[in-house]
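Spelled out from the first residue to the last, the chains are:
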Amino acid sequence: MVSNQHTGRPDMAAPDAAKAPAIELRGISKSFGPVQANKDISIRVMPGTIHGIIGENGAGKSTLMSILYGFYKADAGEIFINGTKTNITDSQTAIAAGIGMVFQHFKLVPNFTVLENVILGAEDGALLRPSLAKARKELTALAKEYELNVNPDSVVEDLSVGHQQRVEILKALYRRAEILILDEPTGVLTPAEADHLFRILENLRREGKTIILITHKLREIMETTDTVSVMRRGQMTATVKTAETSPEELAELMVGRKVLLRVDKTAATPGAKVLEIENLKVVDSAGVMRLKGINLDIRAGEILGIAGVAGNGQSELLEVLGGMHSATGTVRLNGKPLPLTGPGSDASARRDLGIAHVPEDRHREGLILDFHAWENVAFGYHRDAKYQRGMFMDNAALRADTEAKMAKFDVRPPDPWLAAKSFSGGNQQKIVVAREIERNPDLLLIGQPTRGVDIGAIEFIHEQIIALRDQGKAILLVSVELDEIFALSDRIAVMFDGQIMGVRNPATTNEKELGLMMAGITDTSALATQEASQNG
Amino acid sequence: MDFLTIIQILDSTIRLATPLLLACLAGLYSERAGVFDIGLEGKMLAAAFLSAAVAYVSGSVWLGLLAGIGASVVLAMVHGLASITFRGNQLISGVAINFLAAGLTVLVAQSWFQQGGRTPSLMGGARFEPITLPFADALSGVPFLGPIYGDLISGHSVLVYLAFALVPTTWWVLFRTRFGLRLRAVGENPAAVDTAGVSVTRLRYAAVLICGVLCGIAGAYLATGLQAGFVKDMTAGRGFIALAALIFAKWRPWNSLWACLLFGLLQAVALRYQNLDLGGVVIPVQVMDVLPYILTVIFLAGFVGKAIPPRAGGEPYVKER
Amino acid sequence: MDKMPRWAEVFLVPLISLLLAAVLSALVILAIGENPWAAVKMMVSGALGSTYGWGYTLYYTTNFIFTGLAVAVAYHARLFNIGGEGQAMLGGLGVALACLYLPLPHWLIALPVAAIGAALFGAAWALIPAYLQAKRGSHIVITTIMFNFIAAGLLNYLLVNLMRPVGSMDPATDKFPEGTHLPTLHDLLAPIGIEFSKAAPANVTFIVGLLACLVVWLLLWRTRLGYEIRAFGHSEPAAVYAGINPVKITMIAMLISGGLAGMMAVNNVMGEAERLVMNAVEGAGFIGIAVALMGRNHPFGVLIAALLFGFLYQGGAELALWTSIPRELIVVIQALVILFTGALDHMVRMPLERLFLAFRKGA
């Protein structure tokens, strides 16, 4: 209609131009304190298409979609729905504008039935009975139309994750959503469930719905989307037609050509096997298998880097080796088996055997934020004889130790009395790294060593890791930063879905190949030949 | 034990179960919405005092009831302010409210009536009188059924019937209405309610308000129905027995009725017999007194069945992705 | 960055909470037709104006030190022990059994023995709630509340049916033997030439209480166990990372907490009543909550808060004696302190944080 008035020639309006985009974002920006999660983002998504948004963890995808769904308020920018400027202040207005969202973590009431979950917040009147009857009818229709079969009377917590996700989609459709946003929908699905989901999405598109698919998996983007936008560090770096791009190009756009942090290091001289892992399996408290039979070994004097998208089992691997989780399988340290359950499998036993651990999350695990620096400097090693004096802890020794470590690792400000929370991220991490490296361990487990750390500290921490390797120690490095993996590792193992997809030599692989492996694609031979032919 | 004794004990069970039931249902609304409330005791106590005081001064038990509800609702709103608006610790808030009521009631009672922290005895219209149901007198001659109808079912004050009627009503509200659906949802997963475009804060305040009203009725019944006036600490742990009954009932309305009747029976028996002789085994009165608490501990520990509280209970809601 | 300086956190926040509680209490006094200023003056003279007053103030203070420390220790492990009342009751049983049935010729022997008995019984009463919390996930707040009532029932039974002397109508034990009588502050201070009221119940347990503050401080901030308790209280995942066993720490922290609450009985049962009576604790277990909150769960803060509440208690008793303000005024003040320092902490804190932020920006 708008375009008709604009052109003044109703009959001559070009069909494509007549259609306003289902969603148009103009200049969206959002900051959380000093962190800018979204910087001046603009996209247009045409109705009846599937639009992918791809990017690494923390690239700002979820924030952007939460703004669209009214969960957060943007600092700047405009939102147009079907060509009409819409002020989305809360979830209610988003729903009214025809937007439905399937969150990564489902927002379902676990002990409600499917029907009850579907009508919650969208009831027709004060009494439930008519709403339930109506919903039951609609659900049957929707099930037929889109392959969205769920028993309406099942209690949600008894359903598989895949079925719970269908309930989320049904919730959106029941609210007459024309635009459906799915945030990392396959993160928790089995491959078969994921395939079913994509069939559903295909059906929805055929009915004219608009779908936004947020993911970090290239395969899904290539197989299902019409157009794709790439986000990196809060910015939209490209929007392309899926048919006109390739996984390689997307991987590059996604990871970006960052200034590579070069670390001076000589070639490794690997010695004897320090750690041997055979068929390591972990089941989490919810009964989900997180590690599905890992086999790996690490030698003295080498850094084994684990690349992968967060949530594919890297955390569990570190936690099992660090004694925070029980597991099954075999793990040997210097040839001797490590207990994986029961007594002797806890974190202090691991430390006694010479395994040091820099955890992925220093706020949750690595530090007690309210403790002074000097109380944190022996956290985990506080039972050591050198920190005891009779029946008390030798606080003077701890403080002297802290001062020494602060000097050596250049922690600023060098004040042992400052609470851990009062240091910058880089200096917090230096405290943790100093604590673990200065133990001179046989094996260092180190997760996300430079997450939230400034450039100067990154360099310093990297040097320390290399130095430890050069002393002949074994190091297991987990990082979601590919360039960090490249800069430090002597060998790179790629994890996907609780499994090792393969081990590569950093000298003979590249980010494209690793990117594909991280997305679960092991067959990279085509890529290799393509590279070879280009080079030849 | 003869038939008449049984009727008398059961009759007293109903009277004693009534305040428990009202408080238990009060807690049910609040906790089902995710706001833990260990301040039932305090709200009842405040209501007991103010209802007795106003009923005495005005001579109208209905005005007393209203005043009792008002006192309880004020405390409920303090709890709401602490636990919903300021995201404080719900347990500490409950403790504070209990003490606030325990202190203020005596303080004000002393100041108003100078009778050592009690109100003068209530008489006539200042009390809830027993209601004789139709045909109760006519049936009194009929053996067996007569006493059951005439003495057990008939002859209670209106609040007793209200309390019992509230059980199916609560069930209906909780499981058959939109409000009940949302209330239950907000206690299990407030994020689900929030993303569905419904205000978590408003729902929780509504629940806390209902809790206040019901505690108010419970307290008013204590002072103007069960007894004739307010005395210091007259709730005597009933708020906590109601809490125990709520856990015992797995936060369900009909189960609450059975739990409160059971705990009411224990009180009735303890009131009548100092030591209960069960065929040679003498059960001291103290065992009856503490049985509700022991049962609750055993139940909570999951040794028989499993008491799963509303999942979001006790946690202030903070919006996150 | 800290939102406000440490001195504000430690002193200003509790002070403002206290002030709010005081203002509201003054309004309550006004509302019942009394003069708040006169009331304060009377409380001060009654509680602090004579050695007799001090003797009572310090007696109450001693009770609150123990129950306050009990709440504080558990709090450092992020456990809310609301069962101090029951644990103190059981502590009384431990004291009574020791004093009545063990040959204790002199108070120097009787004091440690009874203290151990009190601590053991108090700890035992915390054991089951601690175990159920650590192993079965029962909420410690609910179980400890239930255990308070069970303790009352148990004591009632024992006093009425078993421990009551033959022929006595009073549900209480016999008087403890002479050898177990603890010296009062009068007895202790007389030799060094200080005249102290003979009638006041403050006794040597006050010194034990001071020592307990020191010991708890040493425990929490100087020993490995205290380090582990505090670390666990701050972050359970971090504790697991550091190899600290959550079950073990939960149990130990609650046992220490229960033991401290139980030790209160040395003061009230052994030092004052010299026999075990019904309802000997008189709510001191609950006042421990207010004391710990007010004292920011620090042993020395607890000491100061216990002194404050000791003063309020004795002052309140004087008020009740001489005016028409009943003792329950103290319960109201206690409730308001718990409300403002505990539940409405954010309400007090938020404007302060904003104020300091504005100051910092301005500077």
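Residues numbered from 1 in each chain as written. Chains lettered and ligands numbered in written order. Predicted model: local features only at pLDDT ≥ 70, side-chain atom pairs only at ≥ 80, totals over all residues.

Visitor: Could you clarify how one ought to interpret the overall build of chain C in this entry?
Guide: Scanning chain C from N- to C-terminus turns up 15 helices and 0 strands. Radius of gyration (C-alpha) of chain C: 21 Å, near the 21 Å computed for a compact globule of 363 residues. Taken along the three principal axes of its C-alpha coordinates, chain C extends 75 × 55 × 40 Å. Per-residue burial for chain C yields a buried fraction of 56% across its 363 residues. A separation threshold of at least 6 residues defines the contact pool for chain C, and within that pool the share at least 24 residues apart is 76%. (Helix = DSSP H or I, 4+ residues; strand = E, 2+ residues; numbered from the N terminus. Rg over C-alpha atoms; globule rule 2.2 N^0.38 Å. Buried ≥ 20, exposed ≤ 12 C-beta atoms within 10 Å, placed from the backbone. Contact = placed C-beta atoms within 7 Å.)

Visitor: Explain the overall build of chain A here, please?
Guide: Per the secondary structure count, chain A includes 20 helices and 22 strands. For 536 residues, the compact-globule estimate of 2.2 N^0.38 gives 24 Å, and the C-alpha radius of gyration of chain A, at 26 Å, lies within 12% of that figure. Expressed as a percentage of its 536 residues, the buried residues of chain A come to 48%. In chain A, of all internal contacts separated by at least 6 residues, the share reaching a separation of at least 24 is 67%.

Visitor: Got a minute to help me understand the packing of helix α4 (residues 90–113) of chain B against helix α14 (residues 328–343) of chain C in this structure?
Guide: A packed helix pair is summarised by two numbers, namely the angle formed by the two axes and the spacing between the axes. One way to put it is that α4 of chain B packs onto α14 of chain C with a least axis distance of 7 Å and a crossing angle of 155 degrees. Between α4 of chain B and α14 of chain C, the angle falls in the class roughly antiparallel. Here the hand of the crossing between α4 of chain B and α14 of chain C comes out left-handed. Residue-level inspection shows I92, S93, V95, A96, F99, L100, A102, G103, L104, V106 and L107 of chain B of α4 of chain B in contact with α14 of chain C, the latter providing E328, L329, V331, V332, Q334, A335, I338, L339, G342 and A343 of chain C. Split into classes, the residues belonging to the contact of α4 of chain B with α14 of chain C amount to 16 nonpolar, 4 polar and 1 charged. (Axes fitted to C-alpha atoms, helices over the stretch in contact; angles between N-to-C directions. Parallel < 35°, antiparallel > 145°, perpendicular 65-115°, else oblique. Left-handed = near helix turned anticlockwise from the far one by under 90°. Nonpolar A, V, L, I, M, F, W, Y, C, P; charged D, E, K, R; others polar.)

Visitor: I would appreciate a short explanation of the domain arrangement of chain A in the present structure.
Guide: Put simply, an interface is often sized by how much accessible area is lost when its parts join up. Residues and elements named next belong to chain A. In terms of domain boundaries, chain A breaks down into domain 1 (15–255) and domain 2 (273–535). Centre-to-centre, using C-alpha coordinates, domain 1 lies 35 Å away from domain 2. Counting residues at the interface gives 12 residues for domain 1 and 13 residues for domain 2. Of all the secondary-structure elements, those providing two or more residues to the side of domain 1 that touches domain 2 are α9 (218–224) and α10 (247–255). Looking at the side of domain 1 that touches domain 2, the element that brings in the most residues is α10, giving 5 residues. Of the residues that constitute the side of domain 1 that touches domain 2, the class distribution is 4 nonpolar, 3 polar and 5 charged. (Domains from an automatic or database assignment.)

Visitor: Which parts of the structure should I look at to understand the sheet that holds strand β9 (residues 227–232) of chain A?
Guide: Within a sheet, neighbouring strands are paired by backbone hydrogen bonds and run either parallel or antiparallel to one another. Residues and elements named next belong to chain A. Taken in spatial order, the 6 strands make up an open sheet running β6-β7-β8-β3-β9-β10, and their pairing is mixed. Each edge of the sheet is formed by a strand with only one pairing partner; in this case those strands are β6 (99–102) and β10 (235–241). For this sheet the average axis-to-axis angle between neighbouring strands, irrespective of direction, equals 15 degrees. Of the pairings in the sheet, the one linking strand β3 (residues 50–55) to strand β8 (residues 210–215) comprises 5 bridges and is parallel in character. (Pairing = 2+ DSSP bridges.)

Visitor: Hey, could you run me through the interface of chain B and chain A in this one?
Guide: Between chain B and chain A, the residue contacts involve 17 residues of the former and 23 residues of the latter. Those elements that provide at least two residues to the side of chain B that touches chain A are α7 (178–188) and α8 (190–195) of chain B. Looking at side-chain class alone, the side of chain B that touches chain A contains 7 nonpolar, 4 polar and 6 charged residues.

Visitor: Hey, could you run me through the sheet that holds strand β4 (residues 76–81) of chain A in this one?
Guide: Spatial strand order, β2-β1-β4-β5 (chain A): 4 strands in an open sheet with antiparallel pairing. Whereas interior strands pair on both sides, the edge strands pair on one side only; in this sheet they are β2 (35–45) and β5 (84–85) of chain A.

Visitor: Where do I start with the pairing of strand β21 (residues 491–496) of chain A in this structure?
Guide: On a regular strand, one side chain projects to one face of the sheet and the next to the other, so that they alternate. All names here are of chain A. Burial within β21 is extensive, with 5 of its 6 residues counted as buried. In this structure, strand β13 (residues 303–307) lies alongside β21, joined through 4 bridges in parallel fashion. Residue pairing for β21: L304 is matched across the bridge by R491. Taken together, β21 and the strand that follows it, strand β22 (residues 499–504), pair antiparallel across an intervening segment of 2 residues, in which D497 is found at a positive phi of about 55 degrees.

Visitor: Looking at this structure, I do not really get the environment of K336 of chain A. What am I missing?
Guide: Residue and element names in this part refer to chain A. Tracing the backbone shows K336 in strand β15 (residues 336–337). Exposure remark for K336: the 8 C-beta atoms within 10 Å place this residue in the exposed category. Considering only alpha carbons, one finds K336 and E276, 60 residues apart in sequence, at a separation of 9.5 Å.

Visitor: Which parts of the structure should I look at to understand the domain arrangement of chain C?
Guide: Residue and element names in this part refer to chain C. Taken domain by domain, chain C comprises domain 1 (1–34 + 324–363) and domain 2 (43–322). A C-alpha centroid distance of 26 Å is found between domain 1 and domain 2. Across the contact, 13 residues belong to domain 1 and 12 residues belong to domain 2. Elements supplying a minimum of two residues to the side of domain 1 that touches domain 2: α1 (6–31) and α14. The biggest single contributor to the side of domain 1 that touches domain 2 is α14, with 8 residues. Its residues placed into classes, the side of domain 1 that touches domain 2 shows 9 nonpolar, 3 polar and 1 charged.

Visitor: Can you help me understand the environment of A207 of chain B in this one?
Guide: Residue and element names in this part refer to chain B. Relative to the helices and strands, A207 is located in helix α9 (residues 200–226). C-beta crowding within 10 Å serves as the criterion here: with 28 such atoms nearby, A207 is assigned to the buried category. Setting aside chain neighbours within four positions, we find A207 in contact with Y29, S30, R32, A33, V35 and L183.

Visitor: Any chance you could explain helix α11 (residues 246–273) of chain C here in plain terms?
Guide: For the α-helix, the turn length of 3.6 residues means that residues three or four positions removed from each other point alike. Residues and elements named next belong to chain C. Look at α11: 40 Å from first C-alpha to last across 28 residues, which is about the 40 Å you get at 1.5 Å a residue. Counting buried residues in α11 gives 21 out of 28 residues, a clear majority hidden from the surface. Directly beyond the C-terminal end of α11, a positive phi value near 60 degrees is found at E274. (Expected span 1.5 Å × (residues − 1).)

Visitor: Whenever I open this one, the nonpolar core confuses me. Can you help?
Guide: Looking at soluble globular proteins, one finds that nonpolar side chains tend to be buried together. Core analysis: the biggest nonpolar cluster contains 403 residues, and I181 of chain A, A48, A218 and A245 of chain B together with L69, F309 and I338 of chain C have the highest contact counts within it. Those residues in contact with I338 of chain C that lie beyond four places of it in its chain are I92, V95, A96 and F99 of chain B together with I289, A290 and L293 of chain C. (Core = buried A, V, L, I, M, F, W, Y, C linked by C-beta atoms within 7 Å.)

Visitor: Help me understand the confidence of the model for chain C in this model?
Guide: As a note on interpretation, predicted positions should not be read in detail where pLDDT is low. Residue and element names in this part refer to chain C. With 98% of its residues at a pLDDT of 70 or more, chain C has an overall mean of 92. Per-element mean pLDDT across chain C ranges from 81 in helix α15 (residues 345–362) up to 97 in helix α8 (residues 205–222). Scoring the predicted complex yields pTM 0.87 and, for the interface, ipTM 0.91. (pLDDT = per-residue confidence, 0-100.)

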